[in-house]
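What the coordinates show
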Amino acid sequence: MSRDLLHQDEVRALVREAYAALDEPSRAVAEKHYSPEELEDVPALAVDHALGVANHLRRARIEPGDTILDLGCGSGIDSILAARRTGPSGQVFALDFLPEMLERTARSAQKAGLENVEPIEGEMEAIPLADASVDVVISNGVVNLSPRKARVLAECARVLRPGGELCVADLTVEEEELPPEVLTHPAAWAG
Amino acid sequence: MGIDDCALYPLFTDELLSTMRRLIPAERLDRLAVSAIFRARRHGA
């Protein structure tokens, strides 16, 4: 009998439960990381539920016509901003494993008048896209949620075209400096 | 990223923030995590 030594199912269930329960809108996170000009044309639904940890899009090399994968799109703020940059000749695949998030992203894209955002349901450890099909992978505060981070990065490499770019924002903590009561709290795994 | 930044995120409940303030030394509360951006390019272009 195989054993899940990484507790992947438990971690996934915890993350799924924590994020699905988030319903209270707040612009605080978006306003911390994005300028008023950047947020100007982003629908409130995406702004009010932003949970990213930085503004990596300012560093990402997105050209008109690029195909982009937003890994863990959440409510879609980065997918919307990336879709505007790649333009109508480009495409953004907005990947998330939570249908609730994909629904918000789809509604936000529709409100923004964007037809180049395609929500796709899936796991970041098994990205449902073909090899070498993406120019830029973006991700904001999501890779840390995976119990198999090396697998996630391998999947990003698989779907990127040669010369394609990965641009990721995420958090690191120095575990030995934080008490176990904090490190083992569900929010530490989900947040 | 300090505890005030954490408080912006709904996953950090009042109960958790209170626990963190109680257990983590005050001088550490303003640097609990590091937010980093990294870029990598797939070879072969």
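These remarks concern the structure in this document. (Residues numbered from 1 in each chain as written. Chains lettered and ligands numbered in written order. Predicted model: local features only at pLDDT ≥ 70, side-chain atom pairs only at ≥ 80, totals over all residues.)

Attention shifts here to the overall build of chain A. Within chain A, the regular secondary structure consists of nine helices and five strands. Going from N to C terminus, chain A has its helices and strands arranged as α-α-α-α-β-α-β-α-β-β-α-β-α-α. Taking 191 residues into account, the globule formula puts the C-alpha radius of gyration at 16 Å, and chain A, at 16 Å, falls close to it. Taking all 191 residues of chain A together, the buried fraction comes to 43%. Pairs at least 24 apart in sequence give 73% of the contacts found in chain A among residues at least 6 apart. (Helix = DSSP H or I, 4+ residues; strand = E, 2+ residues; numbered from the N terminus. Rg over C-alpha atoms; globule rule 2.2 N^0.38 Å. Buried ≥ 20, exposed ≤ 12 C-beta atoms within 10 Å, placed from the backbone. Contact = placed C-beta atoms within 7 Å.)

In this section: the packing of helix H5 (residues 77-86) of chain A against helix H6 (residues 99-111) of chain A. All names here are of chain A. Interhelical geometry of H5 versus H6 gives an angle of 40° and a closest axis separation of 9 Å. Comparing their axes, H6 and H5 come out oblique. Between H5 and H6 lies a crossing of right-handed hand. For the pair H5 and H6, contact is made by Ser 79, Ile 80 and Ala 83 and by Thr 105, Ser 108 and Ala 109, respectively. Considered class by class, the residues forming the contact of H5 with H6 number three nonpolar, three polar and no charged. (Axes fitted to C-alpha atoms, helices over the stretch in contact; angles between N-to-C directions. Parallel < 35°, antiparallel > 145°, perpendicular 65-115°, else oblique. Left-handed = near helix turned anticlockwise from the far one by under 90°. Nonpolar A, V, L, I, M, F, W, Y, C, P; charged D, E, K, R; others polar.)

It is worth spelling out the environment of A:Glu37 at this point. Residue and element names in this part refer to chain A. Looking at where Glu 37 falls in the secondary structure, it is placed in helix H3 (residues 36-39). Assessed through the 7 C-beta atoms surrounding it within 10 Å, Glu 37 is described here as exposed. Considering only alpha carbons, one finds Glu 37 and Ala 94, 57 residues apart in sequence, at a separation of 23 Å.

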